[in-house]
Every structure is written in structure tokens, then in C-alpha cells.
Amino acid sequence: MPRGLTFEQIGVTEAMIASYADAIWRLSNNVQIRRGDPVRLLELDRVDAERADLGMSDAQIAAVLGLTRDQVLAIRVLTEVRRFRRRNYHRLYELGRGSRFRADRYVPLEARGGFRADALALREALRFDPKEVRRFVEAGWWGNDTLAGWIAARAAEAPQRAAIRGPDGDLGYGELARRAERFAVGLHRLGIGRGDVVSVQLPNVPEFLVAYLGIARIGAVMSTAHVPYRAAELRTLLAHSRARALVCLSRNKDHEPAAAALALPSLEHVIALGDPVPGTRSFAEVLASAGDLPDDLAPAPADPFLLLYTSGTSANPKAVPLTQQATLGNARMGAPEHRITAADVVLSAAPYSHLFGLYSFHLAAGVGATNLLLPAFTPPDFAQAVAAGRPTVLFVGPAHLAALLKIGLLDATDLSSVRLVIASGSACPPELARAVAARLPNGRFTQLWGMTETQAGLYTRPDDPIEVAALTAGRPSPGTEARVVGPDGAGLEPGEEGELQVRGSLMFPGYFDNAEANADAFTADGWFRTGDLAARDAGGNFRITGRSKDLINRGGVKYNPRDVEDLLDAHPDVMQAAVVPVPDPVLGERACCVIVPRSERSPGLEELCAYLLERGVARYKLPERLELVAEMPLTPTRKIIKSRLVARIARSA
Amino acid sequence: MSEAAAREARPGADPAAIKAQIVEYCKRKGALAVGVADLEAIDRVAPPGHRPGDILPNVRSVISLGVGGQTQGAWTVPTKAFAYFGSTEGRAYSIAYGCSFFIESRFRARAIYCPPDMDPEGGARIPLQSLKLHAELAGIGARSLAGDILLHPEFGYMYYASVFTELELPPDRPLATNPCPAPSCVDMYRKTGQTPCMKFCPVQCLSGTIDERGRQAEMRYEMAKCAELTQQYEAVPEVLAEALAAGDAAARERTLFDPDASLLWYKMSVGSGGLLAQCFECMRVCPIATRAPLADPIRRAQAADRKD
Ligand code: SF4
Ligand code: SF4
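Residues numbered from 1 in each chain as written. Chains lettered and ligands numbered in written order. Predicted model: local features only at pLDDT ≥ 70, side-chain atom pairs only at ≥ 80, totals over all residues. Heavy atoms only, no water.

Chemist: Just to check I follow, could you spell out the site of ligand 1 for this structure?
Modeler: All names here are of chain B. What surrounds ligand 1 is the set Cys-201, Pro-202, Val-203, Cys-205, Leu-206, Cys-226, Leu-229, Gln-278, Cys-279, Phe-280, Glu-281 and Cys-282. Elements that contribute at least two residues to the shell around ligand 1 include exactly α9 (223–230) and α13 (281–284). Taken together, the residues that form the shell around ligand 1 break down as ten nonpolar, one polar and one charged. (Near = heavy atom within 4 Å. Helix = DSSP H or I, 4+ residues; strand = E, 2+ residues; numbered from the N terminus. Nonpolar A, V, L, I, M, F, W, Y, C, P; charged D, E, K, R; others polar.)

Chemist: How do you make sense of the packing of helix α2 (residues 14–27) of chain A against helix α6 (residues 69–83) of chain A when you look at a structure like this?
Modeler: If you want to describe how two helices pack, look at the angle between their axes and the distance between the axes. Residues and elements named next belong to chain A. The interhelical angle for the contact between α2 and α6, taken along N-to-C directions, is 80 degrees, at an axis separation of 9 Å. It follows that α2 is roughly perpendicular to α6 by the angle criterion. Contacts between α2 and α6 involve Glu-14, Met-16, Ile-17, Tyr-20, Ala-21, Asp-22, Ile-24 and Trp-25 on the former and, on the latter, Gln-71, Val-72, Ile-75, Arg-76, Leu-78, Thr-79, Glu-80, Arg-82 and Arg-83. Split by residue class, the contact of α2 with α6 holds nine nonpolar, two polar and six charged. (Axes fitted to C-alpha atoms, helices over the stretch in contact; angles between N-to-C directions. Parallel < 35°, antiparallel > 145°, perpendicular 65-115°, else oblique. Contact = heavy atoms within 4.5 Å.)

Chemist: Looking at this structure, I do not really get the pairing of strand β3 (residues 169–172) of chain A. What am I missing?
Modeler: Moving residue by residue along a regular strand, the side chains alternate between the two faces of the sheet. All names here are of chain A. Where strand β2 (residues 162–166) meets β3, four bridges bridge the pair, whose relative direction is antiparallel. Bridge pairing in β3 places Gly-166 opposite Gly-169. Counted between consecutive antiparallel strands, the loop separating β2 from β3 contains two residues. (Pairing = 2+ DSSP bridges.)

Chemist: It is not clear to me how the domain arrangement of chain A should be interpreted in this structure. Could you clarify?
Modeler: Along its sequence, chain A is organised into domain 1 (7–84), domain 2 (147–536) and domain 3 (552–652). Centre-to-centre separation of domain 1 of chain A and domain 2 of chain A, based on C-alpha positions: 67 Å. (Domains from an automatic or database assignment.)

Chemist: Just to check I follow, could you spell out the interface of chain B and chain A for this structure?
Modeler: Interface extent is often summarised as the accessible area lost during association of the parts. Tallying the contact residues gives 63 residues for chain B and 46 residues for chain A. Summed over both partners, the interface of chain B with chain A buries about 4,800 Å², with 54% contributed by carbon and sulfur atoms. Area buried by chain B at its contact with chain A is led by Arg-44, Glu-121 and Glu-228 of chain B, which between them contribute 13% of it. Scanning the region where chain B abuts chain A turns up 31 residue pairs in polar contact (both at pLDDT 80 or more). Two elements, strand β1 (residues 32–35) of chain A and strand β8 (residues 216–221) of chain B, share four bridges in a ladder whose sense is antiparallel. Counterpart to Arg-34 of chain A in the pairing with β8 of chain B is Met-219 of chain B. (Buried area = accessible area lost by both parts, 1.4 Å probe. Polar contact = N/O pair within 3.5 Å; in protein donor to acceptor, adjacent residues only side chain to side chain.)

Chemist: Can you walk me through the pattern of salt bridges in this structure?
Modeler: A side chain with one charge can pair with a side chain of the opposite charge if their charged atoms come near. Counted according to the given criterion, the structure contains 72 salt bridges over all chains. A salt bridge links Arg-178 of chain A to Glu-175 of chain A; the shortest N-O distance between them is 3.2 Å. With Arg-178 of chain A and Glu-175 of chain A both in helix α10 (residues 173–189) and three residues apart, this pair spans about one turn of that helix. Judged by relative accessible area, Arg-178 of chain A falls into the partly exposed class, the value being 47%. Judged by its relative accessible area of 23%, Glu-175 of chain A falls in the partly exposed class. With its nearest N and O atoms 2.9 Å apart, the salt bridge here joins Arg-217 of chain A to Glu-181 of chain A. Highlighted residues: Arg-217 of chain A in helix α11 (residues 206–217) and Glu-181 of chain A in helix α10, separated in sequence by 36 residues. Among the charged side chains, a salt-bridge network with shared partners connects Arg-34, Asp-37 and Arg-40 of chain A together with Glu-136, Arg-143 and Asp-148 of chain B. (Salt bridge = Lys/Arg side-chain N within 4 Å of Asp/Glu carboxyl O. Buried < 20%, exposed > 50% of the residue type's maximum accessible area, 1.4 Å probe, protein only.)

Chemist: Sorry if this is basic, but what is going on with the nonpolar core here?
Modeler: Most often, soluble globular proteins have nonpolar side chains that are buried together. Of all hydrophobic cores here, the largest spans 90 residues; its most connected members are Phe-183, Phe-208, Tyr-212, Val-247, Phe-283, Phe-395 and Leu-500 of chain A. Sequence-distant contacts of Phe-208 of chain A, that is, excluding residues within four places in its chain, are made with Val-200, Leu-202, Pro-203, Met-222, Thr-224, Tyr-352, Ser-353 and Leu-358 of chain A. Judged by nonpolar contacts, the second largest core, of 81 residues, contains Ile-95, Cys-114, Met-223 and Ile-288 of chain B. (Core = buried A, V, L, I, M, F, W, Y, C linked by side-chain atoms within 4.5 Å.)

Chemist: Mind showing me how you'd approach the confidence of the model for chain B here?
Modeler: With 94% of its residues at a pLDDT of at least 70, chain B reaches an overall mean of 91. Listed scores for the predicted complex are pTM 0.81 and ipTM 0.93. (pLDDT = per-residue confidence, 0-100.)

What follows is the structure, encoded as C-alpha cells:
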């Protein structure tokens, strides 16, 4: 109200504002132009002549424009408010202490990167119990870890030290950091920003790590797709993750992943490693980007930086978001437990598309060790990599070891460089563990239990006796608590089998965009239901005994077929065995034994049962059906996918 | 006139003696420069409603005084902290306030301290009086290319206050020369087309030209841009308008209580002046403001040492 009067009383309308606002603005003090120095020189006639530029009072403007003073006042003040930009004073926060404003370098707030809606949705999935957050931070389990920070630190400490040992020789931490930075700049140029998901489908080649580090450098999120995945699987994962870009091979054997990915609707960019593919960007082109990244792209430890897919159905994918501090904290605290140092050369048989493979890289990056790369596991390639690269630490799945052992490659390979084996991916048959340990002249065998959801939750330590390492998955990692509970949720005594539950700083906060999976993933008091069966021994070591969903319910008697499988695995005519339930109209379920024969000679069901009875297996646990298969359906860490076996048997019936 | 004679001046004494006594009072209280502006000239330049007589009906003289702008250390701090140094101007106001009491008690003539605030009838950007005009005509500052901020060749950048009185005092002349632009600014302008104040203004609201003799030819200043950088009073209604227009409760809460808005409420509730001044980046880079011979206490102390 100008001087107490309403706009209606003084006759100001929107039309009048629109008509006169600019003129009033220009004549008022809001814009001032002075020629010469007329006041100081007392050239007062000149002041009068140039008043329109010097700035007029409202009454003077009113006289010029033919309005009333109140109308000018009302329109001027309203225009000042309408043109006022509230957030402009943020510019001041970057100034002083020697910093000056530079128009050519200033990026207005509205032009600065922000999170897209999809990225915010992913962040919204990160909900932690506030009491736990406090506990993790106070204990130092969550710290100031970012992958970019780690790599920068390694590059500063020892730029020449080999970060990667690959087919083309060594790549130092300094050069790795530079390539990652350039790839990050390239992604930024493509419009990828903080929180955006970039999917990577590459084997364990240097470019995987360059892409990963580049993605992490700009606070984006890497989602992995296992190399064997084809369009159907990718479509599901990419749609669910809202990935904006995919980094993949131009060609993989007879398949052309990059060309196929172009047809996927949700992707904005396909970055192809290998020969040029029309419609995609080459990895080399993205890597050739030069320039600086804006400061606001620096990642923060609490940012999500991984979105990894675990089991789940295509209609209901289970995506695990992980933050930098939870993930890297798990590795930071793990390295001294595994006794991994900068002097180590780490070889992972597990793909980097899987958390176990990434864990090996995180351990190495945390201490500045060398990553010996094996693009894809085959027993001969693995043996060759060990012979040539002389690794000191092996990350392997029991299935990898079993394959090596069975074809004699473990005996034929010089393992003298290996001081530590970390086996994970599925429970390791004790016989296999002992056999591997016996073949390590200078090394120790350890087991690790983890899931994508939990990272490295339990492991045996290098000093543990082989019987602990052969029979158990060890004790909780730092920052982790584990317990075994019965069907009623009550804690069980040592030796009793029940569900393994885990909680701690390593834990994912819940599946992204999957309310159904989240509904029963955690107990009310925050323990993650792993779905694994375990028993704790008196020493606090956990023996993984199977999966709760793998239990066979034969007429109400539930049993775990794991010991039967271990015995069958050791049968001379059996390459690999699994026992799965098949529906039965009378008993509900019966056990079916599925085997991959070692040779032409396939053992019969009766022969196998006799073999099991001889070894003390209870009769109710004997398989009642036998299926022969050429190969097992395996996860990337070579775990048998029992659900597929069950489906296959159902189809054949 | 001797100081002793000035101290003894009483009502009816020689105006020059009275003026000397007033000047001496102000300097004793901390003013660096004091002058008397020509009232007639003020009335020619100031628009109706903003002339000294609009406040003090029988005003005869306008005294302007300036206090030191900043300490040398102040120019080194982050700009956000600098915004809190505006209270320096409070020193000028208190001297002026004291001066008005001094005049009335010593000379029995009416005097007021000129309110350094906005004209309530003119919105939030129009002051009652232009203290700048008073100081300029009193010869204690000259308009610079930095949005007409006054500069003094000896004291650099100062804060000003005015006293109006019914005493008749002999007016001073404006400064004979304008220290702005400094020679280094002219050099820079010749090379780049900009002076330091223009180049480093965070909202680029300054521009202008310098003539071939190194004098100001034209000064252009978009005051609205400068004001929106630091004078946050318009932010308050904007926050409220945004809150009213918010689509849901969460958006409304964020608008009202995000860190920026919280700061506004804090400023309003405690009446703090920070972020309600100017940013003075133009002055931070100005060779006159920061490096005039007596621009800060360190320089003044050093000059005094040299005299001794
Ligand atoms: S006070 Fe700040 S915004 Fe205003 S003219 Fe000076 S530098 Fe520019
Ligand atoms: S920096 Fe100072 S002296 Fe130089 S032109 Fe600007 S106001 Fe004038």
C-alpha cells in the first residue's frame, strides 16, 4: 500500500505496471549513469539536464511520465521486488581471502549441476537407522572414504606403483588416476552428473576400472551387468536402474553388445570398447576428453556409488545400492584383517561385475596393491595368469578351485608366490579347502562369506588353523555383527543350525525400488535376513550350511542337502552335484540329485545311494531321483543356480 | 585560528571559530575528516522531499564527517564475514549524534543528527537524505567509478554521517581533484576496457569510460543488481510468496526453512545487519580505498610515527 493507499485507490493496474515498469526502472536510482563529475565541479545545470540518467525521485519520474507520485512509487517498488533475485548473494560465499570474482569463470547457480529426479529417487532409497549412523561414525567404521580420494592419494604417494597388471603391461596409479579423470570429464561432457547411473558390462580389463573410477569421480553410480547377459536381461536391469549410459564391448565372441544396446529404449549413451560401432561413442573418444571438472561434481562419502543386482526376477529385480563410506569402509577395515599391503599383487577370478571382484579391487586400491587382471576365468587362463603375474593373493570361488583341481591345473601351476587365498561365492567343501591349502607352499587358505547386500561379512583370518578355514566362513568383519536364529527369531546356541542374520556398517540400506523384497529383508530390530543357514562354533566362527530356501521338506521333515552334495562332489565319477526338491503329491517334496558326470560313465541312482549310505548319510536324505546334465547353470561367481535346475526338472516332467 | 581560541568560541562568536570548534570536537571523537556542505548546492541537487530543510525547517548548515572505512585486516577476510563490518558506520553516526548535542549545549542553536535511513514514504531503496551528497559538497569525498562510492585522496574509503544545524557556518568547497581513477586503474582500463572495481564486481553492475586525460568520462551503475547481492530485505516476501505457491507441505517447509531462509529469520529476529550492506568487492580491489596514505589504522599509525 503506497503511503497507506491500496492499488485500487491510486488506480494502479497490471496493465499500468506492464506499460510503465521499464520506464520507471530506467529513470529511478536503480540504474545510474553519470557523465563527468558535475556535483564535485558544481556544474549544477548539468545535474539538472542529466537527472534522468543520474536517477530521479518518484515525484520527478511522475512528472516526466504523467503519472502520480503514488503510482510511480507503487510500480517501482513492485518492480524491484519482482526483479529481485534472492539467491544472487551466494556469489559472495566464494569471494574474499584472496579470491576475486571472475566473470569468465563464474557458473550461475541455475547452471550448476544438480541431481536428476532418478538420482534423487535412488538417494531416497538410502534410509539408515539414525542410531546406527551415529554408532558407525563414532566407531570410525564410516569415514571419509571416497574411491576418487583413495586413487588420488595412491597416485600422490607412489604414481609409478603398478595399479593394474594386464595384458598390455603395468599401469601405474598416477596414470590410472589421469585416465579416470579424463573418462570422468568425458562422462560429464555427455551430461552425466552426480547420482546418475552408468551401467558397465565389461570383463576384468583395465577399461573396467578406468570406467568405474571415472564414474565414481563425478559422483555418479556404477551399476554392473555380467558379461554373458544379453538384451533381455539388460533391458530389465537398465530399465530398473534408470541407467543413462552403458559401457560395453563392441564385440564379445559372436555377440555385439554395443549394437544390441542401441535398441534399448532407456539408454541415452552407449560407450563401446573395441571397434567403432555406428550410433555409439567409442571408449577411446570418451577417454580422450580433456579439461577440468567443476568442484560441485566431487563425490561425497555418503553418496551411493554402486547399484548392484543380485538375484530376483525380471519382474522384480533386486538392486542393492551401496554408499562409498559403507563399501570402502568394509575394504579399509578388511585390508589389515586379510593382511593385504601395498606389496601385494591381487588376482580375482571373480568378475568385477560382482561384488566379490570389486571387493578385491577395493582392498587393493585402499592400500596401493597391484591388481593382476584376468579378463575372464577359464582354468588354463587362470593358471597362465598365476604363472606369469606371480600374484600373492587370490580371490576365487570354490567352483573355480574345484575346476582347477579336477583337471590337475592346481598341481601343475607354481603357486609359490601365493601367500593368501580368499575363497568366496558359495560354501567351500572342506575337502576342497584342505586340498587347496595343501598345494600352497607359502600360502594360507581362507574363506569369506558375503553377499551383495552385506559385502564381506565373515571371513577366516590368515592365521586361523586350516580346520577353521576349511569348515567355517570365519568371524565377522570389523563393524559387523552376526547371529544365528531359529524359526521363532530367537538366538541359537553354538552348534545349532538356523538362519544367519547380519547387521553393521557394511550393510546396504534396502533394495532400490522393490518394496516387496524390502518387506521381509530385515527384522524389526534391523538385522538382515541373509537366507543362508549357518551354525556358530564355540570359537565364534560361523559355518555356512546352506540356503534356507534350498531346504528339502520331505513329508514335514526338513533337511539341508548340503552334506549330501559335499559327498557327491567327492565321488570319482561326479564333476559337480546339486540336490534340489521336486514336487511330490504325497510327501510334498522329494530330493532330486542333479549331476554333471566326470566322463562318459555316469553313475546310477542306486550306486550313488549306496555310496552315500556307506558314508553314513541318513536314509531320509537319500536322493530319490537322478538327473544328468552337461553343465550346471552358474552365477558369475560360479554358484549353482538351483532355481533354474528346479525349473528345468519341472519342464522335463 | 588557534585551538585555544576555537575552544573558547561561544554563541555569537565568529562562525569560523565555531566551525573550528565543531571540527575539533568531531576529530577528537574519531572523525578523520569533517566539512560543511553548501546548503544551496544541496538544495539544487537533492530532489524535493529529500533536502535538509525537509527535515530541519530552519537548517542553515550541513556538517558532514567521515570515519575510517575499515581496518587493514578487514580487507583480507572472506566476503561473507566482511558483510558484518558495516557497523563501522555506527561510529560515524555516534559522532554525529554527539556533535548535535555538542552544538546545542555549546552554541545554543538547534541541531540534529541526520537519520541515515530510508524514507518510509519511498519504499526500501530511497533514503531520507543523501549523506553522500552532503559529504561530497563538504569536500570530504569524491564520486568514484564504483557506483559513486565516495573516495578521499588521503583516507581512501570512509563512512559518513551528517549533522544539520541552525547555526550559520562557512561552507567548504568540494575536493579540488577526484582521486578516482587511480593511475593504475587508468592503465588497466587502457589495456582491458575495465578498471579493477568493474572487473571484480560479482554482479558486473559497474561499467564506464575514462577520458584521454585519465578522468572519469562516464560512470554506469546498476544499483538494483548491487542491492540484490547484499540487501536481502526483498528476499523475505519472496520466501513467503514461494512458500504460498509451494505444491506440497514438504516443498513449503523447504522454502521456509532451508538454510538461506533460516538465516533471514535469524537476521530479522535478532536485528543483525550482516548481509544487509554492500559486498564492497569493488572497494577491496580499489587502490584508493585500500592503499591511500591514511586508509587504515596501520597506515595512519605509521604516518604518525614518521611525523614524530
Ligand atoms: S558493492 Fe559489490 S555489487 Fe555493489 S558495486 Fe561494489 S562490487 Fe558491485
Ligand atoms: S578501482 Fe577505485 S580508483 Fe580504480 S576506478 Fe574503481 S573506484 Fe576508481
